[in-house]
Amino acid sequence: VLELLRGVQRGSEDTKRSLSCLRWALQNKETQQKFVRLDGSIRTLIGLFTSSLADMQMEAARCLHELSHSSDPAVAEACLPVTSYLLTYLSGHSVEFTELCLYTLGNLVVESKAVRKQLLPQGIIPVLASCIQSPHEAVLEGLGYVLSQLLQAKEAPAEIIPVVLDSVLPQHMLRLVCSGLKAGTGAAVEFAWCLHYIVCSHTANVTLLSLGAVPALTSLLLDLASELPQDAPEGLELLVCPVLRCLSNLLAEETGCEGQIQDERLLVALFLILQCFLQQHPFIVQEGLWLLNNLTADEPFFCSALLSLGLLPALLQLLPCSQMASVLVLTVLCNIAAKGPAYCQQLHRTPALPRLLPTLTLPDPEVLGQCLELLHLLFLHCPEAAADFVRQGGHQALEQHQSTPEVQERARALLDMVGQLRGAATFSPCHATLSAFS
């Protein structure tokens, strides 16, 4: 390592060759640590990185990029003197050189809070904002990478996200995600995750809502569903996932923003997307169901639409996908049942009960508890559902859980409810009309 450094420092004809060899050597973790401890090593690289010789600059940039891959914070902090130059070179030079500088910055901010603390006053956010209108996909992808690393930092909600929100970055990120998702670009992936990290901070959601994030992301999902091929291209799930999460979290805000998207086409699009990714990427099902939960939690419109569009059988088919999918499907059904007798009657007519009975035999207390909550709502609002439940042997499944600690009280309460209904002379039908679903 020392010999390579001396070869670089001599400034001979072999400087470039020594730099190239050094770059390959710096792929080794121990070599990285030894190199930064050598006197003048970083200073020498900076000298070449800032020289007027383009080929030397590029080789030095590659060496710095290799150093930035180190997981040792000491190596990242040794590179502190180069950060201001990396920022300066983002506004010019070749696309390859700019891309290299971006990924070097992104790698450095991952490992070192000291690097992040230095970059903020150096103006990294305004510099990145000036890059986001680049016509080059490679530059945009690198920019998205740097931003995503910054936004995941522990100090991001207090120190980084407010600065980002004061820039033009959010509106341009939203634009690029909405225009690039269908194409499956790497930049769209990075910016979609950036939006997700911003939304998760909650403090930023008012800004994103004011930018029209909810209708924009909704329109994006509609467009995507309308053009989905039989087999989704690999990598598309990485884009769909953060978009679903962003929309879910934005809908969770108490801002009444769900009123902006009273469009039943969103439900159809959502189920098409779930069907497309179910086999190869089942984790998307969980993301989609979380969005469906937030859509139906308070807003009767989407509960009515889900029933009137005949999507309930498709929802019930997702019950066995996973433990979390089961919980979320049952939660969505509870959201619907909580809306009253007309909704419960429609659930009963689907019929939902035959799909629920196997769920009562599952050992998972969370799934079981949610199933009991759904049955309680159904029996409360539609006693004839309780009659069918008894006829299908459901009460026997409930009796098995009278000794299950987590749910025994709820199981007993439901059995008492069923017993009272069985003791009645007749079961009163639900009289509410179905006009609510029109």
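Residues numbered from 1 in each chain as written. Predicted model: local features only at pLDDT ≥ 70, side-chain atom pairs only at ≥ 80, totals over all residues. Heavy atoms only, no water.

> Describe the overall build of the chain, and please don't skip the residues or the numbers.
When helices and strands are counted, the chain shows 28 helices and zero strands. On C-alpha atoms alone, the chain measures out to a radius of gyration of 29 Å, which is more than a quarter above the 22 Å that the 2.2 N^0.38 rule sets for 438 residues. Summarising its shape, the C-alpha atoms of the chain cover approximately 100 × 45 × 40 Å along the three principal directions. Every one of the 438 residues in the chain was classed for burial, and the buried ones make up 55%. Sequence separation of at least 24 residues holds for 74% of the intrachain contacts in the chain that already meet a minimum separation of 6. For the chain, the exposed area adds up to about 19000 Å²; of that, 51% sits on carbon and sulfur atoms. Across the chain, the centroid of the 25 positively charged side chains sits 6 Å from that of the 41 negatively charged ones. (Helix = DSSP H or I, 4+ residues; strand = E, 2+ residues; numbered from the N terminus. Rg over C-alpha atoms; globule rule 2.2 N^0.38 Å. Buried < 20%, exposed > 50% of the residue type's maximum accessible area, 1.4 Å probe, protein only. Contact = heavy atoms within 4.5 Å. Areas by Shrake-Rupley, 256 points an atom, 1.4 Å probe, with all protein chains shown as cover. Lys, Arg positive; Asp, Glu negative; His and termini not counted. Charge placed at Lys NZ, Arg CZ, Asp CG, Glu CD.)

> Hey, could you go over a nonpolar patch on the surface for me, with residue numbers and the actual values?
Residues Val268, Leu272 and Leu309 make up a contiguous nonpolar surface patch of roughly 200 Å² in combined accessible area. Mapped onto the elements, Leu272 comes out in helix H18 (residues 265-277). (Patch = residues over 30% accessible without salt bridge, like charges linked within 9 Å, V, L, I, M, F, W, Y side chains within 5 Å. Salt bridge = Lys/Arg side-chain N within 4 Å of Asp/Glu carboxyl O.)

> Please provide a residue-by-residue account of the domain arrangement of the chain, values included.
We note that the domain assignment places domain 1 (1-70) and domain 2 (84-211) within the chain. Inter-centroid distance (C-alpha atoms) of domain 1 to domain 2 is 27 Å. Regarding the contact of domain 1 and domain 2, the summed buried area is about 1100 Å², with carbon and sulfur atoms giving 69% of it. Considering only the side of domain 1, the residues that lose the most area to domain 2 are Phe49, Met58 and Ser68, jointly responsible for 43% of the buried surface there. Notably, a salt bridge pairs Arg62 with Glu96, separated by 3.1 Å at the nearest N-O pair. Summed over the shared surface of domain 1 and domain 2, the result is three residue pairs in polar contact (both at pLDDT 80 or more). (Domains from an automatic or database assignment. Buried area = accessible area lost by both parts, 1.4 Å probe. Polar contact = N/O pair within 3.5 Å; in protein donor to acceptor, adjacent residues only side chain to side chain.)

> Break down the side chain of Ser248 for me, citing the residues and quoting the values.
As for its position among the elements, Ser248 is in helix H17 (residues 236-251). Residues in contact with Ser248, not counting those within four places in the same chain, are Glu287, Trp290, Leu291 and Asn294.

> Run through the packing of aromatic side chains, naming residues and quoting values.
The full count for this structure, using the stated rule, is seven aromatic pairs. By way of ring pairs, the aromatic residues Phe49, Tyr89 and Phe97 are connected into one cluster. (Phe/Tyr/Trp six-rings, centres within 6.5 Å; stacked < 30°, edge-to-face > 60°.)

> Provide a residue-level description of helix H10 (residues 124-131), including the pertinent values.
What H10 keeps buried is the set Ile124, Ile125, Leu128, Ala129 and Cys131. In a view along the axis of H10, the buried residues occupy a sector of 155°, so they form one face of it. For H10, the exposed residues set more than 90 degrees away from the buried face come down to Pro126 and Ser130. (Arc of directions from axis to C-beta.)

> Help me get a handle on helix H8 (residues 95-111), residues and values and all.
Taking 1.5 Å of rise per residue, 17 residues should cover 24 Å, and H8 covers 25 Å from first to last C-alpha, within 8% of that figure. Among the residues of H8, those classed as buried are Phe97, Thr98, Leu100, Cys101, Leu102, Thr104, Leu105, Gly106, Asn107, Leu108 and Val109. (Expected span 1.5 Å × (residues − 1).)

> Requested: an account of the pattern of salt bridges, with residues and values cited.
Evaluated as defined, the whole model comprises eight salt bridges. Across the pair Arg116 and Glu155 runs a salt bridge, and its minimum N-O distance is 2.5 Å. Placement of the pair is Arg116 in helix H9 (residues 113-119) and Glu155 in the loop between helix H11 (137-151) and helix H12 (156-165), with a sequence separation of 39 residues. One network of salt bridges, in which partners are shared, links Arg23, Glu59, Arg62 and Glu96.

> Any details on the side chain of Thr104? Residues and values, ideally.
Position of Thr104 relative to the elements: it lies in helix H8. Overall, Thr104 belongs to the buried group, its relative accessible area being 2%.

> Tell me what's going on with the packing of helix H1 (residues 2-9) against helix H2 (residues 15-25), and back it up with residues and numbers.
It is at 8 Å that the axes of H1 and H2 come closest, and there the two elements cross at 145°. Of the two elements, H1 crosses H2, and the hand of that crossing is left-handed. The residues of H2 that touch H1, namely those facing Leu4, Gly7 and Val8, are Thr15, Ser18, Leu19, Cys21, Leu22 and Ala25. Considered class by class, the residues forming the contact of H1 with H2 number six nonpolar, three polar and no charged. (Axes fitted to C-alpha atoms, helices over the stretch in contact; angles between N-to-C directions. Left-handed = near helix turned anticlockwise from the far one by under 90°. Nonpolar A, V, L, I, M, F, W, Y, C, P; charged D, E, K, R; others polar.)

> So, the environment of Glu264: which residues are in play, and what are the values?
The residue Glu264 is located in the loop between H17 and H18 in this model. Taking C-alpha positions, Glu264 is 9.3 Å from Ser304, a pair spaced 40 residues apart along the chain. Those residues in contact with Glu264 that lie beyond four places of it in its chain are Phe301, Ala305 and Leu309.

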